[in-house]
Every structure is written in C-alpha cells, then in structure tokens.
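# Close look at the chain arrangement
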Amino acid sequence: MGSGASASASRPVPALESTGDGSSSLGAASDGKDRKLILLIHSASHLPSLDRARESHPYVLAHAEHRGDQVGEKACWACQACCSNPCWNLAQDLGISKQRYTVDDELHIEVLDKSDKLIGTLQLPIADLQVDTWYEKPLSLSSASHDSVSAQTTGRIFDESWQPNLRLMMISEPVQTKRIFLIRHGESVWNKAQKNLNVSQMLAQVDHPLSVDGFQQGKDLARKLTAAVAELEKEGSSPSELGEVSGNLRQLLSTEVVLASPLTRAVETALVGVGPILKRTGVLRLCRNAREKRNAGGRDTTGIARGEGEIAERARKALIQAGGTESEVSEYCSVRIDAAEFGIVSTNSYSS
C-alpha cells in the first residue's frame with residue numbers, strides 16, 4: 001500500500017493553437033516557458049491475441065515524427081501480462097521541448113505483443129491534439145491482428161464493441177515535484193504461514209487478508225500518526241501549512257492522495273494504518289497498478305473482490321476476523337473507497 005502526495009491545484013488548460021504560418025503551438029504557459037510533449041497512455045481495450053494459447057502480453061512504443069523521421073525520444077510502456085484490456089496510466093516525456101509543431105509532425109504509436117509482433121498502430125497529427133483532453137482512438141490493426149479478430153468474431157456480428165482502441169492524452173508539463181511515501185502492508189496470513197512453513201495454509205485461499213499481528217501493526221501506525229496530529233494541534237499549525245523543513249512525518253500528514261492496491265491486505269492496512277490521514281482526504285483510491293505482480297505460484301497475488309462495494313465488504317469482514325470490534329471496524333470502513341483510476345496519473349521523470 002502506498003500513500004502519495006500530489007498537486008491538487010487546478011491549472012490552465014493550454015491547447016495546440018494555429019499560428020497562421022502553417023504550424024501549431026501549445027498555448028502559452030503562465031510561466032512563459034515552452035511546453036514539453038508529454039504523452040499519457042491510460043489503457044487499451046479489446047486487444048486481439050496473436051497466440052491462440054493465451055491472451056496478449058501487450059506493450060506500447062511511442063515517438064514523434066517529422067515527415068516520417070523520428071524526432072525526440074522513443075518511450076516505452078511496459079508489457080502487461082495476459083491482458084486484452086491493459087491499463088498503464090503512465091505519462092512519459094517524448095523528448096521534444098520546442099513550442100511549435102508543424103503540420104508535418106505526427107505522433108506515432110505502436111502496440112506490440114511481448115514477442116515483438118505488431119498488434120496495431122496509431123498515427124495522429126500533433127497539431128490536431130488538444131492538451132489535457134482524453135482521446136479514445138481506434139488502432140489500425142496488423143494483418144495478424146485482423147486474422148485474430150476475424151477468428152474471434154466468426155459467426156457473430158462485428159460492431160464497434162470489438163474495435164481495439166487506445167485511450168490517451170497529451171498533458172501539460174507537470175510543474176510540481178511529488179513526494180511519495182510508501183507504506184508496506186501489515187503481516188498477512190500468507191506471510192505468517194510462510195514464516196511458519198505452513199504450506200497448506202498458504203494454499204488454502206487467495207487474496208490473503210491481514211493476520212492478527214498485521215492488524216495490530218496497522219493500529220500501531222495509526223496511533224503514531226494520531227499522536228503526531230495532536231502535537232501539531234498543540235503548536236497551532238495544520239499539516240498543510242507546514243513547509244518541507246518540518247520533516248518527513250509532517251509531510252506525510254499533509255498527504256493529498258492516498259493510493260492502495262485493491263488486494264485485501266493493502267486495503268486493510270490503508271483503512272487502519274493511515275486512518276488519521278484518510279479522515280482529512282475523505283477517500284481511499286484504489287490503484288490496480290500498485291498491486292503485487294501476479295505470479296503462477298503466488299496465491300496471495302490473486303484478488304477476489306471487484307468494485308468498491310465488494311472490496312470494502314471483504315476488508316470489513318477480514319478486519320473483524322483479525323480481532324477488530326464492530327464499532328472500530330465501522331469507523332475504519334466509513335472512508336469512501338474509489339476504484340476509478342482516470343484521474344490518477346503516473347509520470348516518469350517528474351516524481352521523487
């Protein structure tokens with residue numbers, strides 16, 4: 001489970017505007033600086049499998065082109081295992097810092113399988129893209145992908161629901177450094193069984209919740225944060241008023257966004273351990289890219305619950321099983337859980 005502070009202040013939304021001389025430019029920034037070309041790829045949908053034995057393992061390559069020649073840097077969005085609807089939600093700098101783009105400049109995107117076979121491409125004129133605006137664009141499929149789609153839709157009516165798409169956005173250059181605090185989940189039932197070499201207990205279930213000790217570890221963290229908040233109140237300051245010189249703990253208390261893996265042990269740790277922070281932020285945001293990488297032998301990497309309601313209910317039952325009383329668990333679970341990830345953006349080179 002990780003909690004991260006990120007900028008929440010609104011910012012002007014620049015657009016790629018015509019300059020009247022055959023080029024387009026990003027709207028002027030309030031600081032007068034040139035805007036960089038930063039591409040956010042959120043997700044893809046309905047990607048065909050190029051191997052009938054498994055789903056696709058897709059990854060993405062993207063760069064800018066001028067009359068067919070690459071300019072700037074080529075960025076890569078990592079391979080997603082066995083997924084026809086992958087989610088990256090990652091923004092990367094394409095290495096172009098100039099402010100003007102000619103009508104000959106294009107954004108070139110390739111979606112490939114881990115075997116480096118081409119799934120599909122997307123070619124977009126940069127001048128046509130508005131900054132900070134979502135686009136969902138259909139992929140131009142490779143011949144192998146066309147064959148795969150044809151095989152999947154044999155005997156069915158082909159409609160737009162079968163069309164492979166890519167969801168993306170050109171974003172404004174991040175103007176603030178984000179400080180991220182990472183908090184490991186408390187001891188899980190899997191961790192305890194692994195420590196005791198109890199293989200049967202390790203394999204008895206999936207999505208292992210916190211153990212009794214793990215629940216207590218979360219409560220210990222909450223007590224420390226509560227004590228720190230009380231100390232700040234004595235000083236007459238709120239966390240948001242404190243500067244960087246005030247120390248890591250005070251910065252942690254000023255966290256603006258709390259993210260957690262949707263796996264039960266992480267949700268429990270967040271609800272209990274950083275409860276004092278969640279009382280102020282009002283929401284726990286689930287981020288599936290924060291979950292432990294799924295592996296063949298790890299039953300603790302496979303989730304069960306889906307959606308805010310199921311995840312919250314599973315966490316509630318697990319906390320009671322770990323020794324929580326009805327009243328304290330009700331307080332822990334009073335925080336709103338949000339599984340929508342569209343507003344949560346990861347960026348390379350702009351975080352610390």
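Scope of this entry: the structure provided in the associated data block. None of the values given here were measured: they were computed from a predicted structure.

Looking now at the overall build of the protein. Secondary structure summary: the protein contains 9 helices and 18 strands in total. Within the protein, buried positions represent 46% of all 352 residues. Of the contacts formed within the protein by residues at least 6 apart in sequence, a portion of 73% connects residues at least 24 apart. Put simply, the protein shows about 18,100 Å² of open surface, and 49% of that area lies on carbon and sulfur atoms.

A word on the side chain of serine 84. Relative to the elements of secondary structure, serine 84 occurs in the loop between β6 (69-77) and β7 (87-93). Using a relative accessible area of 17% as the deciding quantity, one classes serine 84 as buried. Within polar-contact distance, the side chain of serine 84 engages the side chain of asparagine 85 at 3.2 Å. Once residues within four sequence positions are removed from consideration, serine 84 is found in contact with Ala44, Ser45, His46, Leu47 and Glu55.

For the rest of this paragraph, the subject is helix α8 (residues 307-321). Over its 15 residues, α8 runs 21 Å from end to end, which matches the ideal 21 Å to within 8%, given 1.5 Å per residue. Three or more residues of α8 are buried, namely Ile311, Ala315, Ala318 and Leu319. The buried side chains of α8 occupy one side of the element, clustering within an arc of 100° when seen end-on. Facing away from the buried surface of α8 by more than 90 degrees, the exposed residues are Gly309, Lys317 and Gln321.

Next up on the list: the pattern of salt bridges. Pairs may arise between side chains of opposite charge once their charged atoms sit close together. Considering all chains together, one arrives at 11 salt bridges under this definition. For the salt bridge of arginine 285 with aspartate 338, the shortest nitrogen-to-oxygen distance reads 2.8 Å. Placement of the pair is arginine 285 in strand β16 (residues 283-286) and aspartate 338 in strand β17 (residues 336-338), with a sequence separation of 53 residues.

Scoring rules and cut-offs
For every chain, the first residue of the written sequence is number 1, and numbering continues from 1 onward in sequence order. Selection of residues for local features in this predicted model requires a pLDDT of at least 70, selection of side-chain atom pairs for listing and counting requires 80 or more, and totals for whole chains, interfaces and linings are taken over all residues. In computing side-chain values, all of the structure's heavy atoms are included and hydrogens and water are not. The numbering of helices and of strands both runs from the N terminus, where a helix is a DSSP run of H or I of at least 4 residues and a strand a run of E of at least 2. Burial here depends on accessible area, computed with a 1.4 Å probe over protein chains only, as a share of the maximum for the residue type. Under 20% is buried, over 50% is exposed, and the range in between is partly exposed. We call two residues contacting when some pair of their heavy atoms lies within 4.5 Å. For the accessible areas, the method is Shrake-Rupley and the probe is 1.4 Å, while residue cover comes only from the protein chains on display. Whenever a nitrogen or oxygen atom comes within 3.5 Å of another N or O atom, the pair is scored as a polar contact, on the condition that within protein one atom can donate a hydrogen and the other can accept it, and that pairs from neighbouring residues in sequence are kept only if both atoms are in side chains. Residue count minus one, scaled by 1.5 Å, sets the expected span of a helix. Arc definition: it is the arc formed by the directions from the helix axis to the C-beta atoms. Any carboxyl oxygen of Asp or Glu that lies within 4 Å of a side-chain nitrogen of Lys or Arg is treated as forming a salt bridge with it.

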